[in-house]
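# Working through the structure, step by step
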Amino acid sequence: FNYVTTGISVRHDGFYFAKGSSATTRKNFWNSSKPFGLAVENPLDPTADVGGGAFRMQMIRRVFEHAFKTLLAYVSEPMVAMEGESILA
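Residues numbered from 1 in each chain as written. Predicted model: local features only at pLDDT ≥ 70, side-chain atom pairs only at ≥ 80, totals over all residues. Heavy atoms only, no water.

Let us now look at a nonpolar patch on the surface. Together, Phe-68, Leu-72, Tyr-74 and Val-75 line one region of the surface with nonpolar side chains, adding up to about 520 Å² of accessible area. Its location among the elements puts Val-75 in helix 2 (residues 57–75). (Patch = residues over 30% accessible without salt bridge, like charges linked within 9 Å, V, L, I, M, F, W, Y side chains within 5 Å. Areas by Shrake-Rupley, 256 points an atom, 1.4 Å probe, with all protein chains shown as cover. Salt bridge = Lys/Arg side-chain N within 4 Å of Asp/Glu carboxyl O. Helix = DSSP H or I, 4+ residues; strand = E, 2+ residues; numbered from the N terminus.)

Printed below as a string of structure tokens:
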């Protein structure tokens, strides 16, 4: 998920939107001093950013990335190549 360019909306069953797709989204969801800021659209007021107060997003992103890799390691089995077979093929 690219926090720099993408925002999250929960309206209409949820979707992602580009933070800079229009002048309105740039004004409401893009902050050049906090490019890694989380942009979450308020479902009651689409012009309000409820994720704007989030801080240390780069650290949070690393923690989620580590959690994902840890969970993935527990649910997936390593591939065992047969003799003469490449694991890259």
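Despite not being glycine, Asp-13 has its phi angle at roughly 70 degrees, a positive value. Examined against the element boundaries, Asp-13 turns out to sit in the loop between strand 1 (6–9) and strand 2 (15–18). Since its relative accessible area comes to 83%, Asp-13 is described here as exposed. At Arg-56, a position not held by glycine, the phi torsion is positive, near 60 degrees. Of note, Arg-56 is situated in the loop between helix 1 (23–29) and helix 2. (Buried < 20%, exposed > 50% of the residue type's maximum accessible area, 1.4 Å probe, protein only.)

Considering all chains together, one arrives at one aromatic pair under this definition. Taken together, a centroid distance of 5.0 Å and an interplanar angle of 65 degrees make the contact between Phe-17 and Phe-29 edge-to-face. Taken together, the residues Phe-17 in strand 2 and Phe-29 in helix 1 connect sequence positions 12 residues apart. The pair formed by Phe-17 and Phe-29 is uniform in burial state, with each residue classed as buried. (Phe/Tyr/Trp six-rings, centres within 6.5 Å; stacked < 30°, edge-to-face > 60°.)

A complete count under the given rule lists two salt bridges for this structure. Close ionic contact of Glu-41 with Arg-11 constitutes a salt bridge, the shortest N to O distance being 2.7 Å. Separated by 30 residues along the polypeptide, Glu-41 in the loop between helix 1 and helix 2 and Arg-11 in the loop between strand 1 and strand 2 bring together distant segments of the chain. For Arg-11, a relative accessible area of 25% puts it in the partly exposed group. The partner of Glu-65 in a salt bridge is Lys-69, with the nearest N and O atoms 3.3 Å apart. Residue Glu-65 and its partner Lys-69 are located together in helix 2, separated by four residues, close to a single helical turn. A residue is classified by how much of its surface remains accessible, and Glu-65, at 41% relative accessible area, is partly exposed. When its relative accessible area of 52% is taken as the criterion, Lys-69 is described as exposed.

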